[in-house]
Amino acid sequence: MEQRMKSFFSNAFAIAVLLCSAGLLADPRSVNDGVYTKEQAKIGEALYTQHCLLCHDKKYFRPVLERWQGQPIGVMFTVMSASMPESNPGFLSEKEYADILAYILSLSRYAAGDSELDYRDGVLDEIMVEARKK
Ligand code: HEC
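Bear in mind that the values here come from a model prediction, so they are computed numbers and not experimental data.

Points about the overall build of the protein
For step 1, the next point in the chain: Helices and strands together make up the secondary structure of the protein, namely five helices and two strands.
For step 2, the next point in the chain: In sequence order, the secondary structure elements of the protein are arranged as α-β-α-α-α-α-β.
For step 3, the next point in the chain: By the burial criterion, 32% of the 134 residues in the protein qualify as buried.
For step 4, the next point in the chain: When contacts within the protein are restricted to residue pairs at least 6 apart in sequence, long-range pairs at least 24 apart make up 72% of them.
For step 5, the next point in the chain: Surface exposure of the protein reaches about 8800 Å², of which carbon and sulfur atoms provide 57%.

Considerations on the site of the ligand
For step 1, the next point in the chain: As a structural note, the neighbourhood of the ligand is formed by 16 residues, with Cys52, Cys55, His56, Arg67 and Met84 the closest of them.
For step 2, the next point in the chain: Measuring from an oxygen atom of the ligand, one finds a side-chain N or O atom of Tyr60 at 2.7 Å.
For step 3, the next point in the chain: When residues in the shell around the ligand are grouped by element, the largest group, three residues, is from helix H3 (residues 61-67).
For step 4, the next point in the chain: In terms of residue class, the shell around the ligand is made up of eleven nonpolar, three polar and two charged.

What to know about the packing of helix H2 (residues 38-51) against helix H5 (residues 94-107)
For step 1, the next point in the chain: The interhelical angle for the contact between H2 and H5, taken along N-to-C directions, is 105°, at an axis separation of 7 Å. When the interaxial angle is binned, H2 and H5 end up roughly perpendicular. Across the interface between the two elements, Gln40, Ala41, Ile43, Gly44, Glu45, Leu47 and Tyr48 from H2 touch Glu96, Ala98, Asp99, Ile100, Ala102, Tyr103 and Ser106 from H5.
For step 2, the next point in the chain: Considering only residue class, the contact of H2 with H5 consists of eight nonpolar, three polar and three charged.

The rules behind each value
Residues numbered from 1 in each chain as written. Predicted model: local features only at pLDDT ≥ 70, side-chain atom pairs only at ≥ 80, totals over all residues. Heavy atoms only, no water. Helix = DSSP H or I, 4+ residues; strand = E, 2+ residues; numbered from the N terminus. Buried < 20%, exposed > 50% of the residue type's maximum accessible area, 1.4 Å probe, protein only. Contact = heavy atoms within 4.5 Å. Areas by Shrake-Rupley, 256 points an atom, 1.4 Å probe, with all protein chains shown as cover. Near = heavy atom within 4 Å. Polar contact = N/O pair within 3.5 Å; in protein donor to acceptor, adjacent residues only side chain to side chain. Nonpolar A, V, L, I, M, F, W, Y, C, P; charged D, E, K, R; others polar. Axes fitted to C-alpha atoms, helices over the stretch in contact; angles between N-to-C directions. Parallel < 35°, antiparallel > 145°, perpendicular 65-115°, else oblique.

Dropping the structure here:
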């Protein structure tokens, strides 16, 4: 009996650790939580002007972000970095795509914050796209 209790607890513990590391117990964040910096959006703006403006004016992304609502921004990042610019897919570095994404968020007037939008460690998969909170 005692042995079974022990293994019950160690299993429960292992499952809790798994859930935590999968981020399932972490606080869900969204694009409303200040997930990029103003400086990053500035860098993104220059890259955007050089590589994206030709085909996408500044109004293009607002409806795009609306369509992505309810999904992690990491999915949009993956699509964008794999397929854009259409004339030269994947041309930019991941850091540069993240900077452009920061600029795209600023265009839709999501608030900036204290830390940069980071493309590493699956962080983008834990940030949900949602309607801007006023
Ligand atoms: C040569 C033209 C061209 C350039 C340059 C270009 N795009 Fe695109 N982009 C397109 C086309 C065409 C589509 C698909 C049709 C549409 O939705 O307008 C598209 C679609 C997209 C989408 C998907 C929209 C959705 O529905 O989810 C995103 C995001 C995007 N582009 C971002 C970028 C970014 C960021 C850059 C610069 C790094 C860029 N594009 C440069 C032509 C271009």
